[in-house]
Amino acid sequence: MKSARTADDLRLAQSVLLPLALGLSIEQTALAIGRSSGATCTMRTRFAKVAAGEMLAPRSKRELRNRANTNLARERQILDQVLPDAATGGVVIIPRIKPAIEAKLGKTLALSSVYRMLARHGWRKLAPDTHHPQGDPEARQDWKKNSPALWTRS
């Protein structure tokens, strides 16, 4: 019970320990932990099977990765092959590497999927752009010279 991180973990521990420590019935235990007697019995049975090694512990939805294109190790391997220059400080341009990733996976991906894959493996945009690529540098300098912030200081 001390190592429980969530309320469900605590209820699971209580469903096992309360009948053993206090001699409560399944119905009394269910009432104490706020679950039905069927759910309490299922929790105890599952705990016993996991403890005996007959069954794997249930995993959260995040850990299942039901819609994943490939496993995490394969993703890391693909990114290591596609991004060798970026690891040493090179610039990563996602639309240019997307076809290479798709070729390695053997299926098409949305651009957002490539961004999420990079984020999963710790890649992030390190340096923001200092100016818009289609901006006018002369207009920017003119704005700096005549900006309202300078009027208020003087």
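The structure under discussion appears in the preceding block.
Below you will find a few notes about this structure. Given the structure is predicted, the values throughout are model-derived calculations rather than measurements.

1. With respect to the overall build of the protein
Consideration 1: The helix and strand inventory of the protein stands at nine helices and zero strands.
Consideration 2: The C-alpha atoms of the protein give a radius of gyration of 28 Å, which is well past the 15 Å a tight globule of 154 residues would have.
Consideration 3: With the C-alpha coordinates of the protein rotated into their principal frame, the extents come out at 80 × 55 × 25 Å.
Consideration 4: Within the protein, the proportion of its 154 residues that are buried is 19%.
Consideration 5: When contacts within the protein are restricted to residue pairs at least 6 apart in sequence, those whose partners lie at least 24 apart make up 36%.
Consideration 6: Between the mean site of the 26 positive side-chain charges and the mean site of the 13 negative ones, the protein shows a separation of 4 Å.

2. Thoughts on the pattern of salt bridges
Consideration 1: Evaluated as defined, the whole model comprises five salt bridges.
Consideration 2: Measuring nitrogen to oxygen at the nearest pair gives 3.6 Å for the salt bridge that ties Arg35 to Asp8. Separated by 27 residues along the polypeptide, Arg35 in the loop between helix H2 (26-33) and helix H3 (37-52) and Asp8 in helix H1 (residues 7-22) bring together distant segments of the chain.
Consideration 3: Of the residues examined, Arg35 reaches a relative accessible area of 34% and is grouped as partly exposed.

3. Remarks on the nonpolar core
General note: in soluble globular proteins, nonpolar side chains tend to be found buried as a group.
Consideration 1: Residues Leu83, Ile97, Ile101 and Leu118 are the most contacted members of the largest nonpolar core, which totals 13 residues.
Consideration 2: Considering every element that reaches this core, the biggest residue donor is helix H6 (residues 94-105), with four residues.
Consideration 3: Setting aside residues up to four positions removed in sequence, Leu118 forms contacts with Leu79, Leu83, Ile94, Ile97 and Trp123.

4. A short note on a nonpolar patch on the surface
Consideration 1: A contiguous nonpolar surface patch, about 380 Å² in accessible area, is contributed by Met1, Leu10, Leu17 and Leu20.
Consideration 2: In this structure, Leu20 sits in helix H1.
Consideration 3: For Leu20, a relative accessible area of 64% gives the class exposed.

5. Some remarks on H2
Three or four residues apart is the spacing at which side chains of an α-helix point the same way, because the helix has 3.6 residues per turn.
Consideration 1: Within the sequence span of H2, burial applies to Thr29, Ala30 and Ile33. One face of H2 carries all of its buried residues, which in axial projection span an arc of 100°. Away from the buried face of H2 by more than 90 degrees, exposed residues Glu27, Leu31 and Ala32 are located.
Consideration 2: Gly34 occupies a position one or two residues after H2 and carries a positive phi of about 80°.

6. Comments concerning unusual backbone geometry
Consideration 1: Unusually for a residue other than glycine, Arg65 sits at a positive phi of about 50°.
Consideration 2: Positionally, Arg65 belongs in the loop between helix H4 (61-64) and helix H5 (72-82).
Consideration 3: Given the relative accessible area of 25%, Arg65 is considered partly exposed.

About the thresholds
Residues numbered from 1 in each chain as written. Predicted model: local features only at pLDDT ≥ 70, side-chain atom pairs only at ≥ 80, totals over all residues. Heavy atoms only, no water. Helix = DSSP H or I, 4+ residues; strand = E, 2+ residues; numbered from the N terminus. Rg over C-alpha atoms; globule rule 2.2 N^0.38 Å. Buried < 20%, exposed > 50% of the residue type's maximum accessible area, 1.4 Å probe, protein only. Contact = heavy atoms within 4.5 Å. Lys, Arg positive; Asp, Glu negative; His and termini not counted. Charge placed at Lys NZ, Arg CZ, Asp CG, Glu CD. Salt bridge = Lys/Arg side-chain N within 4 Å of Asp/Glu carboxyl O. Core = buried A, V, L, I, M, F, W, Y, C linked by side-chain atoms within 4.5 Å. Patch = residues over 30% accessible without salt bridge, like charges linked within 9 Å, V, L, I, M, F, W, Y side chains within 5 Å. Areas by Shrake-Rupley, 256 points an atom, 1.4 Å probe, with all protein chains shown as cover. Arc of directions from axis to C-beta.

Shape is all these values report; function is a separate question.
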